[in-house]
Amino acid sequence: MPMPTSLIPSRFLTLVSHFLIVVNIFWSRRDNVEACLPPSYTHDQYQNRDKELIVALSVTFGMFLIELVGFLTGVSMFNSTQNLISIGAHASASIALLFFFIDKLPCHVYWWIFTFCSALPACTEIVLVIAVFGLKKKPL
């Protein structure tokens with residue numbers, strides 16, 4: 001079954017767009033942290049929410065690394081199912097994170113976006129890497 005040739009560049013572009021939006025949120029996270037806090041907050045509350053957002057963004061970078069390693073080594077580059085999962089998840093994440101960034105949504109919303117749009121494709125990538133390297137299956 002021939003794979004559509006537009007899946008590979010689409011996957012790469014959606015992954016890069018998601019990555020760039022996360023970097024942008026990381027650089028200017030102050031407004032999002034303040035959106036997570038009550039109108040009057042202490043410095044400790046701010047520090048705790050800032051740490052929470054830093055941890056969430058850092059774990060997201062780890063998920064990007066997992067996906068990029070699997071993609072660039074060719075383990076999942078030609079797997080249509082993984083390409084479609086990744087394109088859908090990262091395109092959705094790009095849109096959702098733009099709303100998160102622009103509308104200054106609360107921090108708990110980020111964890112939902114992370115779960116469905118970063119962790120899900122990274123977990124399927126891990127399964128593919130284990131299947132290819134551990135079980136010696138073909139990457140397709």
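In the block above lies the structure referred to throughout.
The notes below deal with the structure included here.

1. Digging into helix α4 (residues 80–102)
- Across its 23 residues, α4 extends 33 Å between first and last C-alpha, which sits within 8% of the 33 Å expected from 1.5 Å per residue.
- All of the buried residues in α4 are Gln82, Asn83, Ser86, Ile87, Ala89, His90, Ala93, Ser94, Leu97, Phe100 and Phe101.
- A distance of 3.1 Å separates the backbone nitrogen of Thr81 from a side-chain oxygen at the start of α4, and that oxygen is part of Asn79.
- Looking at the residues trailing α4, positive phi occurs at Lys104, about 55°.

2. Topic: the state of the cysteines
- Using the criterion set out here, one finds one disulfide in the structure.
- With its sulfur 1.9 Å from that of its partner, Cys36 forms a disulfide with Cys107. Between Cys36 and Cys107 the disulfide shows an S-S torsion of about 100°. By sign, it is right-handed. Placement of Cys36 in the loop between α2 (30–35) and α3 (43–72) and of Cys107 in helix α5 (residues 107–134) is noted, with a sequence separation of 71 residues between them. In this pair, the class of Cys36 matches that of Cys107, namely buried.
- We note that Cys117 lacks a disulfide partner, and the nearest cysteine sulfur, in Cys123, lies 13 Å from it.

3. Section: the side chain of His18
- Looking at the secondary structure, you find His18 in helix α1 (residues 7–27).
- A distance of 2.7 Å separates a polar atom in the side chain of His18 from a polar atom in the side chain of His90.
- Setting aside residues no more than four positions away along its own chain, His18 makes contact with Thr60, Phe64, His90, Ala93, Ser94, Leu97, Cys117 and Ser118.

4. Re the environment of Ser6
- Locating Ser6 in the fold gives a position in the segment before α1.
- Taking C-alpha positions, Ser6 is 40 Å from Glu34, a pair spaced 28 residues apart along the chain.

5. With respect to a nonpolar patch on the surface
- A surface patch of nonpolar side chains, about 440 Å² in accessible area, is lined by Phe12, Leu13, Val16, Phe19 and Leu20.
- With respect to the helices and strands, Leu20 occurs in helix α1.

6. Looking at unusual backbone geometry
- Look at Lys104: it is not a glycine, yet its phi comes out positive at around 55°.
- Inspection of the secondary structure assignment puts Lys104 in the loop between α4 and α5.
- Take Lys104: its relative accessible area is 30%, and that puts it in the partly exposed class.
- Phi is positive for Lys136, which is not a glycine, with a value near 55°.
- Within the secondary structure layout, Lys136 lies in the segment after α5.

Cut-offs applied
- Residues numbered from 1 in each chain as written.
- Predicted model: local features only at pLDDT ≥ 70, side-chain atom pairs only at ≥ 80, totals over all residues.
- Heavy atoms only, no water.
- Helix = DSSP H or I, 4+ residues; strand = E, 2+ residues; numbered from the N terminus.
- Expected span 1.5 Å × (residues − 1).
- Buried < 20%, exposed > 50% of the residue type's maximum accessible area, 1.4 Å probe, protein only.
- Polar contact = N/O pair within 3.5 Å; in protein donor to acceptor, adjacent residues only side chain to side chain.
- Disulfide = S-S within 2.5 Å.
- Contact = heavy atoms within 4.5 Å.
- Patch = residues over 30% accessible without salt bridge, like charges linked within 9 Å, V, L, I, M, F, W, Y side chains within 5 Å.
- Areas by Shrake-Rupley, 256 points an atom, 1.4 Å probe, with all protein chains shown as cover.
- Salt bridge = Lys/Arg side-chain N within 4 Å of Asp/Glu carboxyl O.

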